[in-house]
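Residues per chain, in single letters:
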Amino acid sequence: MASWPLLPLLKKEPLVGIARLAAHGESLRQGHDVEYFTLPVRSLLNRCTSPRMPFTWTINPYRGCEFACKYCYARYTHEFMEMRDGVDFERKIYVKEHAADLLRQELRHVKSGEEIAIGTATDPYQPAERRYEVTRAILEELARHRGLEVGIVSKSNLILRDLDVLEALAEHNQLFVNLTVTTVNTDLARILEPRAPRPDLRLDAVRMLTAAGVNAGIICAPVVPGITDSPGDLEALVHAAAQVGAKYIYANPLFLKPCSAAVFLPFLEQQFPHLVRTYRERFDSHAFLPQAYRKRISQLMARLREKYQISNTFGRDSRRSHPTPALDEQLALF
């Protein structure tokens, strides 16, 4: 019988920081290959130090995301908890404890003009929120304050559950709600985003939010080369955005960190094998697409916004609640 080659025993280093806290999390529930754990964090409001990001503070009510989007850039965040398998990000969901109480203490650090982005690394309205209501508690706390600038990013129509809180928050603060829609093709969306709500449900959420007076728009992120980036596909999305009254729509191209590529490239081999070689050439040693590609997408979106009369005024402000990666000019254009 074959056996693995013998390896030297390595001294196991003690876990520290978020990894130690995660290791001591209490299991809450398990179902369809997803486990939920408590996470006794010391802070909820995190200062963003990356010069690429357009916001000052981030809030992620959960760690990990059950939607299992194949292209997800945030899988690397589980590595901080010493979880190196990218699939753990969608199977081990950590629920942050005492979120509203922590936020109440930390909001004093937020200065005028500093934006708070909710959902930058994990969807605040993923299935866990239906039970644990961490996001709702956070919004209720934010609604008690005035003069804040808040952006929310989600793929879920569950956000409509909190319409009353969103209206209260928007009354004395600047609020943008961004629904991510990568394609209006339901079958394609189910392949790319297996557990996320259907695109039409997200579009309907935009309709209902704007009807209630909440600034809501659409982020097409990521634009996936060779899969969702054809002019016809993007036009269909912009047209749909106009029909539901979206205040804005903009697009960000795909970028693949190594941990994300480890999940996405095998997915391509199964679903889009004709693209594998091109993707490996583009992302083998780089995470980002070239500036030329981004410019082409940006120009196309500008023409489509003009055609369907969607203003970009709100879009300039709403961009602050979603990551916009730097670009690498050395790569060839898709």
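Anything mentioned here points back to the structure above.
The rules behind each value
Per-chain numbering applies: the sequence of each chain, read as written, is numbered from 1 onward. The model is predicted, so local features are restricted to residues of pLDDT at least 70 and side-chain atom pairs to those at 80 or more, both for listing and for counting; the totals for chains, interfaces and linings are taken over all residues. Water and hydrogen atoms were dropped before computing side-chain values, which therefore reflect all heavy atoms in the structure. Note on pairing: two strands pair once DSSP finds at least 2 bridges between them. Segments assigned H or I by DSSP are reported as helices when at least four residues long, segments assigned E as strands when at least two residues long, and all are numbered from the N terminus. Contact criterion: two residues are considered in contact whenever any of their non-hydrogen atoms come within 4.5 Å of each other. Comment: axis = line fitted to C-alpha atoms, over the contacting stretch for helices; angle = value between 0 and 180 degrees taken between N-to-C directions. Counted as salt bridges are all cases of a side-chain nitrogen of Lys or Arg within 4 Å of a carboxyl oxygen of Asp or Glu. Think of it in three bands: residues with accessible area under 20% of the maximum for their type are buried, residues over 50% are exposed, and the middle band is partly exposed, with areas taken using a 1.4 Å probe on protein chains only. Should an angle lie under 35 degrees it is considered roughly parallel, over 145 roughly antiparallel, and from 65 to 115 roughly perpendicular; all remaining angles are considered oblique. Each helix crossing is assigned a hand: it is left-handed if the near helix lies turned anticlockwise from the far helix by less than a right angle, otherwise right-handed if that turn is clockwise. Amino acids outside the nonpolar list (Ala, Val, Leu, Ile, Met, Phe, Trp, Tyr, Cys, Pro) and the charged list (Asp, Glu, Lys, Arg) are all regarded as polar, and Gly is one of them. Helices are assigned an expected span. That span is 1.5 Å times one less than the residue count. The arc refers to the directions leading from the helix axis to the C-beta atoms.

1. Overview of the sheet that holds strand S10 (residues 216–223)
- The strand order S3-S4-S7-S8-S9-S10-S11 describes an open sheet built from seven strands, whose pairing is mixed. Each having just a single partner strand, strand S3 (46–47) and strand S11 (249–253) make up the two edges of the open sheet.
- Bridge count for strand S4 (residues 57–59) against strand S7 (residues 115–118) is three bridges, and the pairing is parallel. Bridged to Trp57 within S7 is Ile116.
- Each of S10 and S11 touches helix H12 (residues 291–307); the most contacted strand, S11, lies at about 165 degrees to it.

2. Comments concerning the pattern of salt bridges
- With the rule as written, the count across this model stands at 17 salt bridges.
- Between Glu141 and Arg144 there is a salt bridge; the shortest N-O distance is 2.8 Å.
- Taking the relative accessible area as the measure of exposure, Arg144 reaches 58% and is therefore exposed.
- Between Asp162 and Arg161 there is a salt bridge whose closest N-O contact spans 2.8 Å.
- The exposure class of Arg161 is partly exposed, given its relative accessible area of 28%.
- The network of salt bridges with shared partners includes Glu129, Arg136, Glu140, Arg161, Asp162 and Asp164.

3. Regarding the packing of helix H5 (residues 134–142) against helix H6 (residues 163–172)
- Following both chains from N to C, one finds H5 and H6 inclined at 25 degrees, their axes separated by 9 Å at the closest point. By the angle between their axes, H5 is roughly parallel relative to H6. Seen along the crossing, H5 lies across H6 with a hand that is left-handed. Here Arg136, Leu139, Glu140 and Leu142 of H5 come into contact with H6, specifically with Asp164, Val165, Leu166 and Leu169.
- For the contact of H5 with H6, the residue count by class is five nonpolar, no polar and three charged.

4. Side note on H12
- Taking 1.5 Å per residue, 17 residues should reach 24 Å; H12 reaches 24 Å between its end C-alpha atoms and fits that length.
- When we look at burial in H12, the residues that qualify are Tyr293, Arg294, Ile297, Leu300, Met301, Leu304 and Arg305. Along the axis of H12, the buried positions cluster into a sector of 140 degrees, meaning they face one direction only. More than 90 degrees from the buried face of H12, the exposed residues found are Lys295, Arg303 and Glu306.
- On the buried face of H12, the contacting elements are S10, helix H9 (231–243) and S11.
- Positive phi shows up at Gln309, right after H12, with a value of about 55 degrees.

5. Overview of the pairing of strand S8 (residues 149–154)
- For S8, the buried fraction is high: six of the six residues fall into the buried class.
- Burial along S8 is two-sided: Glu149, Gly151 and Val153 facing one way and Val150, Ile152 and Ser154 facing the other are all buried.
- Relative to S8, S7 is paired through four bridges, and the arrangement is parallel. Within S8, the residue paired with Ile116 across the bridge is Val150.
- Summarising the sheet, S8 and strand S9 (residues 174–180) pair through six bridges and their orientation is parallel.

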